[in-house]
Amino acid sequence: MKYYLAFENPTEQLIHVKIASSGTRQAVIFHLPKWRPGRYELQRFDRRLADVEAVSADGAPLEVIRLSTHSWQVFASEGELFYMKYSYYANVLDGGGSFFDKERIYVNGINLLMYREELLHEACELYLRLPGEGYEVACGLQKVADHWLAKDFHQLVDAPFLAGRDLLHHVFDVKGVRTHLWFQGECQPEFRRLEREIKAYSEVQMDLFGEFPVDEYHYLFVIRPDLFRHGVEHYNSTVIAIGPGYRINQKELNRALVEVCSHELFHSWNVKAIRPQDMLPYDYGKENYSRLHYVTEGATTYYGDLMIWKGGDWKMHQWVQSLNAVLKRFYSRGGKDYTSLSQASIESWVNAYNLTGTPNRQISFYTKGCLVTFLLDIEIRRLTRNAHSFDDVMYHLYHDFAKKGKGYEEKDVKNIIEELSRQDFTDFFKKYIHGTYELEPALQAAGAYIGLEMQRHPFDSLAISFFGLEVNEKEKHSCLVENIYPNSPALKAGLSRGDEILSINGLKVQANVEHLIKHLGADRELEIHYFHLGKLQRTLISRGNYFRYIPQLAEVHDPTERQLENRQRMKQVKLRKQIQNQLIK
Ligand SMILES: [Zn+2]
């Protein structure tokens, strides 16, 4: 299949797509992907499509009818060359979108390239008609003469690209892997520093697996003017949308950038190569359910940060800081007692990415998956006196499955863990992966192994900490109930989402709920007046102890010899060749 993309009218932001194809005996059906790998929910790329038509080689119109939201049928004679043509409205500037204006061209083929089911495995050629001279193209695909080549449709749509006249480009090698940094948008990155930071975690990731799955790698940075952070993994590249560009070298944003970069690079193995059986190959025409996103995303979240410490760019406390951020995100959501990790994985197709469904029932497989990987990592270390760890699980998933072209199932992950540790993990999986067993005691024990102690921190908000009440006071003269935690004093007091709080103990509420609670004392019973559906109500709210807190890990002041030794061993990445013959028959 040959794909032609023309960029003609940047203010209208339309990309013109033309696909060369030929008629068959049966009707020819084109499909637009219903989702994009990396985000496990259905998408409506089709809503951005316009002007769909088909023409013969000499320009005569052919009949084309829309069959469904994502498919079109073309009537062409057998063997007849024809073109499928349409426009795509490109104005999404996140890690998975496409964008076109007078300064930027940024394309994720998965958004806008149609495929024919029966030709998914055929080689594809990509031709670009850029708006003028002097354009540079940053893309992981191989360039041949005037076009780019993909071995099949999967590779074509797994190779996003940037094109522009002012791309910033920096190249270096990491253990022989040519690494490209491409920046599009207003920023002045310090390349030398980034090179050092990226090299540090990349080298230990490569050490962990013993090799890199591809021979070159492209970081495509989409720089935004606002506070933003979003990365998406691809075959030999990643798109990282981040901002604001003018803060790219400042400590906080630099840290966020390195965290996302390390996470996305780890995906080169974990998900791009090591893939759950039920997503191999991807089916773009429907939901690809998997119970294993605690591995694809959870383990990647864990390792993304851990490898920055292992690589030496972070001190241990910086890694613990990241783990604490994950703990905070996990314990800030209401669903931890209701939804298990494997269930959340399946339900990513329902509501993992937005919480519009039933409040306080969802969890994120990123956060809980990260915490559970931490538990598994430490548990394997403990049982094997640091001879093995979850590093070995990843290593074996890569060498025994990915490299043999096989997907893995949950039993494979469990088997590897059990063979390494010579221990039965059925109970662990039941409690923490398929169940909603409280994680805190296990996290506390895991932390102690490396000299971390568990502390309980209140939420930033007293209203949440004491009453399980989350309010929105963004509009200066209104205070709306945004969330009520399950089993909370606020719920027992009869408050609901959307209620408007007017006063506490007779004092007017005006962007001051926290101050009022502090002033009146959260340990007292408080009288609240509020509107529920426009009707004035009164209630009393009281608390016992903290209703909710956030577990946080901190380094103990006087770690034992054993704890220091465990820490040291955890920081190391072992030389892989030594274990290769030892395990897994
Ligand atoms: Zn990820």
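Look a little higher up for the structure.
This section reports on the structure supplied with the text. (Residues numbered from 1 in each chain as written. Predicted model: local features only at pLDDT ≥ 70, side-chain atom pairs only at ≥ 80, totals over all residues. Heavy atoms only, no water.)

1. A word on the pairing of strand S28 (residues 550-555)
Of all six residues in S28, five are buried; the element is thus mostly enclosed. Bridge count for strand S21 (residues 452-457) against S28 is six bridges, and the pairing is antiparallel. Its bridge partner lying in S28, glutamate 453 is registered against alanine 554. (Buried < 20%, exposed > 50% of the residue type's maximum accessible area, 1.4 Å probe, protein only. Helix = DSSP H or I, 4+ residues; strand = E, 2+ residues; numbered from the N terminus. Pairing = 2+ DSSP bridges.)

2. A closer look at unusual backbone geometry
Between glycine 243 and proline 244 the backbone carries a cis peptide bond, its omega angle lying at 0°. In the segment running from leucine 280 into proline 281, the intervening peptide bond is cis, with an omega of -10°. Secondary-structure assignment places proline 281 in the loop between helix H4 (251-266) and helix H5 (293-310). Even without being glycine, asparagine 360 reaches a positive phi, approximately 60°.

3. Some details on the packing of H4 against H5
As a packed pair, H4 and H5 sit with axes 8 Å apart at the nearest point and diverge in direction by 125°. Between H4 and H5, the angle is such that the two are oblique. Seen along the crossing, H4 lies across H5 with a hand that is right-handed. On the side of H4, the interface is formed by Val258, Glu259, Ser262, His263 and Phe266, while H5 contributes Glu297, Ala299, Thr300, Thr301, Tyr303, Gly304, Asp305, Met307 and Ile308. Its residues assigned to classes, the contact of H4 with H5 shows six nonpolar, five polar and three charged. (Axes fitted to C-alpha atoms, helices over the stretch in contact; angles between N-to-C directions. Parallel < 35°, antiparallel > 145°, perpendicular 65-115°, else oblique. Left-handed = near helix turned anticlockwise from the far one by under 90°. Contact = heavy atoms within 4.5 Å. Nonpolar A, V, L, I, M, F, W, Y, C, P; charged D, E, K, R; others polar.)

4. Digging into the sheet that holds strand S20 (residues 237-243)
Sheet architecture is open: five strands sit in the order S16-S17-S18-S20-S19, paired in mixed fashion. A strand with exactly one partner marks an edge of an open sheet, and here the two such strands are strand S16 (168-174) and strand S19 (228-233). Ignoring which end each strand starts from, the neighbouring axes of this sheet average 15° apart. Judged from the six bridges that link them, S19 and S20 form a sheet pairing that is antiparallel. Looking at the pairing, glutamate 233 lines up with threonine 238 of S20. Sitting on the sheet, helix H3 (residues 191-209) is in contact with S16, strand S17 (177-184) and strand S18 (216-223), with an inclination near 35° to S16. Each of S18, S19 and S20 touches H4; the most contacted strand, S20, lies at about 160° to it.

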